[in-house]
Amino acid sequence: MKKKPEPDSDLILYLTEDGRTRLQVRLEGETVWLSLNQMVDLFQRDKSVISRHIKNVFQEGELSAGATVAKSATVQTEGGKQVTREIEFYNFDVIISVGYRVKSRRGTQFRIWATQRLREYIVKGFTMDDERLKNPPGKGHIDYFDELMERIRDIRSSERRVYLRVREILALAADYEATEPETQVFFQTIQNKLHFAATGKTAAELIAERADSAQPNMGLMAWRSGVVRTGDVTVAKNYLREDEIEELNRLVVMFLDFAEDQARRRKQIFLENWVTRLHDFLNLNERAILADAGKVSRDEAHHLAEAEYERFATRRRAAREAQGEADLLGLLDAELKKLPKPGKPKLPKS
């Protein structure tokens, strides 16, 4: 259990004029710290009830006290005198757990708020506090707006999202025909020019250059699940460093906004004009423009990456098997040590 100065954080639960439950917080160190008395005020229950719920949270293993409780020297009034006491403060994890256990009107309001947020996350894939994001926090408090915008840019610039947006924009061209190969070729052209503008290499060149079975995780900087799989190694964006990702995301989002603005004005435009518009956009932003298809084709890059993955997967499988054998031998050795040692044989009496 750690010691810390008295927390400067707060949590207010209230109903808006339209009857919706809202939670207002003042954070410290990316969490809220409340004392037992403050939780009594929050949930409007006796101290013994809140204390019992906190005890159960820890006894049932839901949370660890060492990671969620901090002691702080706090000045309080006792019998008309100012006395300094060491008070335990509980972080937001404990507050949430108690909120789901306590039976009171305020506890019900808290669960309504929490369930609304959880339902929105499950249905939509995200949940947001719009009012909080519209109103920047005061000086000395963390503002998460930039992180939010960075994550949105990363989502918008994912290959599938960009492909869908490009297809929708192309559909507004006067000579557009809904043929998948045509859309795919145009998407690859846009993708390569944007990758080149951000990194100096096309998507295929990035894959061919950085896919390496000898490197940890095959040279990938990101992948979808817990381990690298074959579908990860043919995505150029997975090989980009953090600074390159940020550069590419910003370019892609700016171009999509530019293209959507062009499309919404309903001016007649043909497919070939979109490449010219992309060049205009890149020139305006003083970016390098890819003049050809690049040095490596998409098929060549994918074939190379998949061959590297086979070698990588073979090495990974062999390493796992060797580790499994070592673990088994270690277990057998530990069990052998538990067996009683044989005594010395007794010599027959003469």
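Numbering of residues starts from 1 in each chain and follows the order in which that chain's sequence is written. With pLDDT at 70 or above as the cut-off, local features in this predicted model cover only qualifying residues; side-chain atom pairs require 80 or more to be listed or tallied, and sums for whole chains, interfaces and linings still use all residues. Hydrogens and water molecules were not included; the side-chain quantities draw on all heavy atoms of the structure.

1. Remarks on the overall build of the chain
Then, number 1: Secondary structure follows DSSP: runs of H or I at least 4 residues long count as helices, runs of E at least 2 residues long count as strands, and numbering of each begins at the N terminus. Looking only at helices and strands, the chain has 13 helices and 6 strands in total.
Then, number 2: Under the scheme applied here, a residue whose accessible area is under 20% of the maximum for its type counts as buried, over 50% as exposed, and between as partly exposed, the area being computed with a 1.4 Å probe on protein chains only. Put simply, the chain has 350 residues, and 34% of those count as buried.
Then, number 3: Taking the intrachain contacts of the chain between residues at least 6 apart in sequence as the baseline, contacts between residues at least 24 apart amount to 61%. Whether two residues touch is decided by their heavy atoms; if any such pair falls within 4.5 Å, the residues are in contact.

2. Quick look at the pattern of salt bridges
Then, number 1: What makes a salt bridge here is a side-chain nitrogen of Lys or Arg within 4 Å of a carboxyl oxygen of Asp or Glu, nothing more. This structure, assessed with the given rule, holds 17 salt bridges.
Then, number 2: A salt bridge links R311 to E308, with the nearest nitrogen and oxygen atoms 2.4 Å apart. Of this pair, R311 and E308 are both found in helix α13 (residues 298–338), 3 residues apart, which corresponds to roughly one turn of the helix.
Then, number 3: Judged by relative accessible area, R311 falls into the partly exposed class, the value being 44%.
Then, number 4: The partner of K338 in a salt bridge is E335, with the nearest N and O atoms 3.3 Å apart. Taken together, the residues K338 and E335, both in helix α13 and 3 residues apart, mark about one turn of the helix.
Then, number 5: Through salt bridges with shared partners, a single network forms among R210, R241, D243 and E244.

3. Some thoughts on the packing of helix α1 (residues 36–43) against helix α4 (residues 92–99)
Then, number 1: Orientation of α1 relative to α4, taken along the N-to-C sense of each, is 40 degrees, at an axis distance of 12 Å. Classified by the angle between their axes, α1 and α4 sit oblique to one another. Relative to α4, the crossing made by α1 is right-handed. From α1, M39, L42 and F43 reach across to α4, where they touch V94, I95, V98 and G99.
Then, number 2: Across the contact of α1 with α4, the residue classes tally to 6 nonpolar, 1 polar and no charged. The axes used here are C-alpha line fits, helices contributing only the stretch in contact, and every angle between their N-to-C directions lies in the interval 0 to 180 degrees. By the definition adopted for this analysis, an angle is roughly parallel if under 35 degrees, roughly antiparallel if over 145, roughly perpendicular if from 65 to 115, and oblique otherwise. Crossings are sorted by hand: turned counterclockwise from the far helix by less than a right angle, the near helix makes the crossing left-handed, and turned clockwise it makes it right-handed. Note that Gly is not counted as nonpolar here; it falls among the polar residues with everything else outside the nonpolar set of Ala, Val, Leu, Ile, Met, Phe, Trp, Tyr, Cys and Pro and the charged set of Asp, Glu, Lys and Arg.

4. Some words on the nonpolar core
Then, number 1: The biggest cluster of nonpolar side chains holds 43 residues, and the ones touching the most others in it are L194, V233, Y239 and W274.
Then, number 2: Elements that contribute at least two residues to this core include exactly α8 (159–170), α9 (180–199), α10 (203–210), α11 (242–264), α12 (271–284) and α13.
Then, number 3: Take this core: its biggest share by element is 8 residues, from α11.
Then, number 4: Residue contacts for Y239: discarding those within four places in its chain leaves I207, R210, A211, M218, G219, L220, M221, V233 and A305.
Then, number 5: In these notes, a set of buried Ala, Val, Leu, Ile, Met, Phe, Trp, Tyr and Cys residues joined through side-chain atoms within 4.5 Å is what counts as a nonpolar core. Grouped together as the second largest cluster of nonpolar side chains are 22 residues, M39, L42, V49 and W113 included.

5. Observations regarding α10
Then, number 1: Of all 8 residues making up α10, 6 are buried, and the element is well covered by its neighbours.
Then, number 2: Within α10 the residues assigned to the buried category are A203, A204, E205, L206, I207 and R210.

6. Structural notes on unusual backbone geometry
Then, number 1: Non-glycine residue N217 carries a positive phi angle of around 55 degrees.
Then, number 2: Mapped onto the elements, N217 comes out in the loop between α10 and α11.

7. Some details on the packing of aromatic side chains
Then, number 1: The criterion for an aromatic pair is that two Phe, Tyr or Trp rings (for Trp, the six-membered ring) have centres within 6.5 Å, with stacked assigned to planes under 30 degrees apart, edge-to-face to planes over 60 apart and tilted to the rest. Considering all chains together, one arrives at 7 aromatic pairs under this definition.
Then, number 2: Relative to F110, the ring of Y100 lies with its centre 6.4 Å away and its plane at 80 degrees, an arrangement referred to as edge-to-face. Placement of the pair is Y100 in the loop between α4 and α5 (105–124) and F110 in helix α5, with a sequence separation of 10 residues.
Then, number 3: Arranged with centres 5.8 Å apart and planes meeting at 45 degrees, the rings of F110 and W113 form a pair that is tilted. In this pair, F110 and W113 are both assigned in helix α5, 3 residues apart and thus about one turn of the helix distant.

8. What about the environment of M254?
Then, number 1: Its location among the elements puts M254 in helix α11.
Then, number 2: For the pair M254 and F281, spaced 27 residues apart in sequence, the C-alpha separation works out to 9.0 Å.
Then, number 3: Residues contacting M254, with those up to four places away along its chain left out, are F281 and N285.

9. Remarks on a nonpolar patch on the surface
Then, number 1: A cluster of nonpolar side chains, contributed by L118, Y121, I122 and V123, occupies part of the molecular surface with about 440 Å² of accessible area.
Then, number 2: The residue L118 is located in helix α5 in this model. The patches described consist of residues with a relative accessible area above 30% and no salt bridge, like charges being joined within 9 Å and nonpolar side chains (Val, Leu, Ile, Met, Phe, Trp, Tyr) within 5 Å. Here the open area of atoms and residues is found with the Shrake-Rupley method and a 1.4 Å probe, where only the protein chains shown may cover a residue.

10. What to know about helix α2 (residues 47–59)
Then, number 1: By definition here, a helix of n residues has an expected span of 1.5 Å times n minus one. In this model α2 runs 18 Å from its N-terminal to its C-terminal C-alpha over 13 residues, within 8% of the 18 Å that 1.5 Å per residue would give.
Then, number 2: Turning to α2, its buried residues are V49, I50, H53, I54 and V57. Mapping the buried residues of α2 onto a view down its axis gives an arc of 135 degrees, with all of them on the same face. Away from its buried face by more than 90 degrees, α2 exposes S48, K55 and Q59.
Then, number 3: Elements that come into contact with the buried residues of α2 comprise α1, β6 (81–90) and α4.
Then, number 4: Positive backbone phi, at 75 degrees, marks G61, one or two positions downstream of α2. This arc is built from the directions going out from the helix axis to the C-beta atoms.

11. Points about the packing of α2 against α4
Working note: a packed helix pair is described by the angle between its axes plus the distance between those axes.
Then, number 1: Orientation of α2 relative to α4, taken along the N-to-C sense of each, is 110 degrees, at an axis distance of 10 Å. Relative to α4, α2 is oriented roughly perpendicular. Of the two possible hands of crossing, α2 and α4 adopt the one that is right-handed. Across the interface between the two elements, I50, H53, I54, V57 and F58 of α2 pack against V94, S97 and V98 of α4.

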